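# Architecture at a glance
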Amino acid sequence: MKTVDKIILQQKSPDIKGAGRRTTEPSNHDDGILKDYLRHSSFPIVRYVLGSDLRVTLKVFWLVVVVCLVGLFGFTVVVNYERLQDPSNVYLVEAEKALPMWSVPFPAVTLCPRKGRCVSESLQLEQFCETICWQDVCWNECDKLLDAVRTERGICYTFNAVAGERIFKANNLINVKELSNASRPTENWDFLRGLQIITSVLVKQYPRAAQDMSGRYRLKITLSNEQNETLSDCVSPSLEAFVHSPIDFPYKPVHPTAIPFSSVVQLRVFPKLVRSQRYLRYFTAPTTGCISQVQNPLKLFSIYTQSNCEMECHTQYFLDKRGCVLDHMPRSHTMNLCNSTTNYRPYDVLDKIVGGQLREQNIPRSQFFQRLCNCLPACVDFRYRAESSTYTVAVEPWTMELNSTEGLSSELVVEFAEDHFYPLVRSVRYSVLDFVGDFGGLIALFLGISIVSLVEVFFFCFLKPAVVR
């Protein structure tokens, strides 16, 4: 009987051992998420600190090492982040390859009455313009090339300006025609993308472009200085001229040049085309330091420029302070026009409080609206700088004796100084990609972490437990 029992027990013992193995095997592979992660992780410092292979004193050593490395890593990240936020991070560099003059439009030229001119009536074109010449063709009717625009100086006249319906969002405004009489459509220029559609010099373009230095593409305006009866008690009037981009609305003169009586004023223009590197279009405006036409945040202008942004900012600020806008400001359906009896001035809204803030923050008065609304330059920008030269025309003695300016004429000549120019390219010294690359290199250098280490955390903490269940 004992022999039979031994045989039965021997037959059952393998099953019992197998059952024991089956009950213990899951415990070897199910030690918990943390132990499973530490056993397979490629992050060595975590294994040293949280693992059970080292003594407590050695774990303390590695814990101190981790704290020191994290501190150094945090310090270097903060330094790189400050580099990323540095205002001088964006810079302009001159391109090595020159572009011909016809790569940019001929500048818009605006004539305005000189500041302080004591005339209550608007300046009429026939009062001062005798002839205007372009491409060796002269007209006595100056309104064929000059368009009236309403500015803070009153009525001014502009040559080569883009139509107001193209600059403004005509559907949002009710006074586009009052602001600008320019109506000629744009031809072979794409200002929304900031480029010239056709690069051939033989193609007709508007705004006009200068094709060569032969003298044909030189703007000449003969100005008369005949006395008006309304000016008998005033100082003899004079005009000012300034150049600007054709897509800038000239609501205020910028660096104007006075045109004296009996003189020839020559403006030699130096154009600058500012472009941005192609990869900058993938970043935001604070990073690139410019705003593209696609990112146009303006509500009143369909074409973004820094000048147009300032004008919209000034309009909105004036509306908030006075409850109305002046006649030279773009006006939407919800804006009221200020009463003429109020005699508001454009910069009356800059009170003593604002002046104190400007002095405290060291901001020039002319830059107030640019800073207030963060009016960054356009990513593709047309800039023009003019150097003026004035030559006095000899006057007959009998004219001097009469002490009169009647019958004397002045002439304004505007032309490009050279047949080429070097564009400026906007670049970023330290971009977001540089910051991400440095961040990855520093975290790998100090802590030994990579993207694979982060994927392991997701795998062992979330994916594997879900699959095993």
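Rules behind the numbers
- Residue positions are counted from 1 within each chain, in the order its sequence is given.
- Selection of residues for local features in this predicted model requires a pLDDT of at least 70, selection of side-chain atom pairs for listing and counting requires 80 or more, and totals for whole chains, interfaces and linings are taken over all residues.
- Side-chain descriptors were evaluated using all non-hydrogen atoms of the structure, hydrogens and water having been removed beforehand.
- UniProt positions are given in the numbering used here, feature names are shortened, and annotations may be inferred rather than shown by experiment.
- Any two strands are treated as partners once DSSP identifies two or more bridges connecting them.
- Comment: elements are numbered from the N terminus, with helices defined as DSSP H or I runs of at least four residues and strands as E runs of at least two.
- In this analysis an axis means a line fitted to C-alpha atoms, helices contributing only their contacting stretch, and an angle means the value between N-to-C directions, from 0 to 180 degrees.
- The way it works is a 1 Å grid over only the protein atoms, where trapped points that fit a 1.4 Å probe form a cavity and open points with protein on both sides within 12 Å along at least five of seven lines form a pocket, and then any residue with an atom within 4 Å of a point lines it.
- Grid points are joined across faces, edges and corners, and a volume is the space filled by probe spheres set on the points.
- Residue type decides the class: Asp, Glu, Lys and Arg count as charged, Ala, Val, Leu, Ile, Met, Phe, Trp, Tyr, Cys and Pro as nonpolar, and the leftover types, Gly among them, as polar.
- When a carboxyl oxygen of Asp or Glu is within 4 Å of a side-chain nitrogen of Lys or Arg, the pair counts as a salt bridge.
- Think of it in three bands: residues with accessible area under 20% of the maximum for their type are buried, residues over 50% are exposed, and the middle band is partly exposed, with areas taken using a 1.4 Å probe on protein chains only.
- Within this analysis, patches are made of residues with over 30% relative accessible area and no salt bridge. Like charges are joined at 9 Å or less; nonpolar side chains (Val, Leu, Ile, Met, Phe, Trp, Tyr) at 5 Å or less.
- For accessible areas, the Shrake-Rupley method is used with a probe of radius 1.4 Å. Any residue's cover is judged against the shown protein chains and nothing else.
- Two cysteine sulfurs form a disulfide in these notes if their separation is within 2.5 Å.

The name given to the chain in an unreviewed UniProt entry is Pickpocket, with the source organism recorded as Anopheles stephensi. Looking at the Subcellular location (unreviewed entry) heading of the UniProt record, one finds this comment for the chain: "Membrane".

## Quick look at the sheet that holds strand β11 (residues 239-244)
The strand order β6-β7-β3-β11-β12 describes an open sheet built from five strands, whose pairing is antiparallel. Edge strands, defined here as strands with exactly one partner in the open sheet, are β6 (146-151) and β12 (257-259). Taken pair by pair, the neighbouring strands of this sheet meet at an average axis angle of 30°, ignoring direction. Here six bridges tie β6 to strand β7 (residues 154-159), and the two strands are oriented antiparallel to one another. Within β7, the position partnered with Asp147 by the bridge is Thr158.

## Here's the deal with empty space enclosed by the protein
Overall, the coordinates contain one cavity of 30 Å³ or more when judged by the stated rule. Of the voids in this model, the largest cavity is the one considered here, and its volume is about 40 Å³. Around the largest cavity, the lining residues are Val149, Ala161, Val162, Ile167, Ser180, Ala182, Pro246, Asp248, Phe249 and Pro250. In terms of residue class, the lining of the largest cavity is built from eight nonpolar, one polar and one charged.

## With respect to the pattern of salt bridges
Across all of its chains, the model carries eleven salt bridges by this definition. Ionic pairing is found between Lys177 and Glu165, a salt bridge with its closest N-O pair at 3.4 Å. With Lys177 in helix α7 (residues 176-179) and Glu165 in helix α6 (residues 164-167), the pair connects residues that are twelve residues apart, well separated along the chain. Residue class for Lys177 comes out exposed when judged on its relative accessible area of 53%. Two residues, Glu387 and Arg268, come together in a salt bridge whose shortest N-O distance is 4.0 Å. With Glu387 in strand β14 (residues 381-392) and Arg268 in strand β13 (residues 263-276), this residue pair connects regions lying 119 residues apart in the sequence. Residue Glu387 is classed as partly exposed on the basis of its relative accessible area, which comes to 35%. Here the residues in one salt-bridge network are Arg114, Arg153 and Glu240, joined through shared partners.

## Observations regarding a nonpolar patch on the surface
A grouping of Phe458, Phe459, Phe462, Leu463 and Val467 is seen on the molecular surface, where their side chains present a nonpolar patch of about 520 Å² in accessible area. Note on placement: Phe458 falls in helix α14 (residues 451-468).

## Some points on the state of the cysteines
Under the criterion given, the structure shown has seven disulfides. Residue Cys129 pairs covalently with Cys142 via a disulfide, S to S 1.9 Å. Since a negative S-S torsion denotes a left-handed disulfide, the Cys129-Cys142 link at about -85° is left-handed. Here Cys129, found in strand β4 (residues 129-134), pairs with Cys142, found in the loop between β5 (137-139) and β6; they are 13 residues apart in sequence, far enough to count as distant. Just as Cys129 is buried, Cys142 falls in that class too. Between the sulfur atoms of Cys313 and its disulfide mate Cys373 the distance is 2.0 Å. The disulfide joining Cys313 to Cys373 has a torsion of about 75° about its S-S bond and is therefore right-handed. Here the residue Cys313 occupies a position in helix α9 (residues 306-322), and Cys373 occupies one in the loop between α11 (368-372) and β14, the gap between them amounting to 60 residues. Cys313 gets classed as buried once you look at its relative accessible area, which sits at 4%.

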